[in-house]
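Descriptive structure summary
In case you want the letters, here they are:
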Amino acid sequence: MKTIDIIVPCYNEEEVLPLFVKETNEVIATIPQYKFRYIFVNDGSKDKTIEVLKTLASRFDNVKYISFSRNFGKESAMYAGLKNSTADYVIVMDADLQHPPKMFPQMIEGVEEGNECCALYRAKQTGESKIRQLVSKVFFSFQNNISDVKMPEGAVDYRIMSRKMVNAILDLSEVQRFSKGIFCWVGFKTKWIEYKNVERTVGTTKWSLWGLFKYALDGITSFSVTPLRFIAVMGFIISMLSFVYILITLIQTLCFGIDVAGYVTTLCATLFLGGIIELSVGILGEYIGRIYIETKRRPIYIAEETNIDNEDNV
Ligand code: UDP
Ligand code: MG
């Protein structure tokens, strides 16, 4: 019998977890040809998530958990889940039921058709604020235009992957992980299917607008050096324009003598160049910061406790 591990990162999800397991179990019961196992990753929750997980584990044999020593973020939680998975297929999904488990049969069909992965994208972002939708739109078009990884607009971290693909993902050992990009970067045949976005019924979203912005910036800098090239091109263009302007000024001065006026020109040039320099240093800084963190080679997560024993992992 083929096995499937379901990886679920959880941060303050005490309310939704029992409901999540109930609904998912109902779906699993309709697919008896596969053996399912849950790997919940408690990402340093401040509520009773870990107690809820322990209760669930005592009720259901196939509920496994890993608990972090602090909040490391969803990316680290997903990595920990993948690292501890052993099944033939691995599903990654959110705990809040925004990723409906009823998609399982269709997803499994997707990989059984000969794809290494079947991933989902949101049909329509109902229930999200206009500004969020805009951030998301700008992000996807930027990402697709300037980096090596391409993904449909609305792509989410809900997917099923083969063992082969999971192993490839685990080979990418970067500390600052941007899974949406990593999933695409490793390649492999992926089938994209659409699903209807569901509003979160219990608990609240963990994302602030600033958080989303940082996430988008991470995504872009992780998979593209285009911003760095942009600085070089901009520098070149400005140098050319300056050269022309210098020539004009020189000729004017030689032919008509020194003209004292020019306060506005000087001020504009100084402010403009100042702005451009600040921007360039900022972009450079983004990359240097990433290099700095990456060179420390710190672990991606620190687990405090787990009920996965080594026998589970063979
Ligand atoms: N999550 C996590 N660590 C964090 C933030 C979120 O493990 O630091 C989990 C969270 O419990 C949920 C998933 O990541 O299962 C997605 O989070 P959320 O629903 O807040 O994001 P959204 O759906 O709004 O993008
Ligand atoms: Mg959510």
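Now for a look at the structure at hand.

The rules behind these values
Residues numbered from 1 in each chain as written. Chains lettered and ligands numbered in written order. Predicted model: local features only at pLDDT ≥ 70, side-chain atom pairs only at ≥ 80, totals over all residues. Heavy atoms only, no water. Buried < 20%, exposed > 50% of the residue type's maximum accessible area, 1.4 Å probe, protein only. Helix = DSSP H or I, 4+ residues; strand = E, 2+ residues; numbered from the N terminus. Pairing = 2+ DSSP bridges. Phe/Tyr/Trp six-rings, centres within 6.5 Å; stacked < 30°, edge-to-face > 60°. Right-handed = clockwise from strand over helix to strand, strands pointing away. Patch = residues over 30% accessible without salt bridge, like charges linked within 9 Å, V, L, I, M, F, W, Y side chains within 5 Å. Areas by Shrake-Rupley, 256 points an atom, 1.4 Å probe, with all protein chains shown as cover. Salt bridge = Lys/Arg side-chain N within 4 Å of Asp/Glu carboxyl O. Donors = N, O, S within 2.8 Å, 3.2 Å for Na, K, Ca; no water. Polar contact = N/O pair within 3.5 Å; in protein donor to acceptor, adjacent residues only side chain to side chain. Contact = heavy atoms within 4.5 Å.

Right, let's talk about the pairing of strand E4 (residues 89-92) for a bit. Alternating positions in E4 separate into two faces, Tyr89 and Ile91 on one and Val90 and Val92 on the other, with burial throughout. Judged from the four bridges that link them, strand E1 (residues 2-10) and E4 form a sheet pairing that is parallel. Following the sheet pairing, Asp5 is matched in E4 by Val90. Taken together, the four bridges between E4 and strand E6 (residues 155-162) define a ladder with antiparallel strand orientation. For Tyr89, the partnering residue across the bridge sits in E6 and is Ser162.

With that settled, the discussion passes to the packing of aromatic side chains. Scanning the entire structure with this criterion turns up twelve aromatic pairs. On the basis of an interplanar angle of 65° and a centroid distance of 6.4 Å, the ring pair of Phe20 and Tyr38 is categorised as edge-to-face. One end of the pair, Phe20, is in helix H1 (residues 17-29); the other, Tyr38, is in strand E2 (residues 34-42), with 18 residues separating them in the sequence. Phe20 sits in the buried class, given a relative accessible area of 0%. When its relative accessible area of 0% is taken as the criterion, Tyr38 is described as buried.

Our focus in this paragraph is the pairing of strand E3 (residues 63-68). The buried count for E3 comes to six of six residues, which makes it a mostly enclosed element. Of the two faces of E3, the one lined by Val63, Tyr65 and Ser67 and the one lined by Lys64, Ile66 and Phe68 are each fully buried. Handedness of the crossover is the feature at issue here: the chain leaves E2, passes through helix H2 (residues 49-59), returns alongside E3, and the resulting connection is right-handed. As paired strands, E3 and strand E8 (residues 303-306) are joined by three bridges and run antiparallel to one another.

On to a nonpolar patch on the surface, then. Judged by side-chain polarity, Val233, Phe236, Ile237, Met240 and Leu241 come together as a nonpolar surface patch covering roughly 510 Å² of accessible area. As for its position among the elements, Met240 is in helix H9 (residues 226-256). Residue class for Met240 comes out partly exposed when judged on its relative accessible area of 45%.

In this section: the coordination of the magnesium ion (ligand 2). The magnesium ion (ligand 2) binds to the protein through Asp96 (OD) and Gln98 (OE1), with metal-donor distances spanning 1.8 to 1.9 Å. Overall, the relative accessible area of 4% leaves Asp96 in the buried class. You can call Gln98 partly exposed: its relative accessible area is 22%.

Moving on, we get to the side chain of His99. Considering the arrangement of structural elements, one finds His99 in the loop between E4 and helix H4 (104-112). A polar atom in the side chain of His99 sits 3.0 Å from the backbone nitrogen of Asp94. Apart from the residues within four sequence positions on either side, His99 is in contact with Met93, Asp94, Val156, Asp157, Tyr158 and Tyr195.

Moving on to the pattern of salt bridges. Under the defined criterion, the tally for this structure stands at twelve salt bridges. Note that Asp5 is salt-bridged to Arg37, the shortest N-O span being 3.0 Å. On the criterion of sequence distance, the pair formed by Asp5 in strand E1 and Arg37 in strand E2 is long-range, its members being 32 residues apart. Look at Arg37 and you get buried, because its relative accessible area is 11%. One salt bridge in this structure joins Lys74 and Asp94, with 2.9 Å as the shortest N-O distance. With Lys74 in helix H3 (residues 74-84) and Asp94 in the loop between E4 and H4, the pair connects residues that are 20 residues apart, well separated along the chain. Connected through shared salt-bridge partners, Lys74, Asp94, Asp157 and Lys180 make up one network.

Read these as spatial facts, not as claims about activity.
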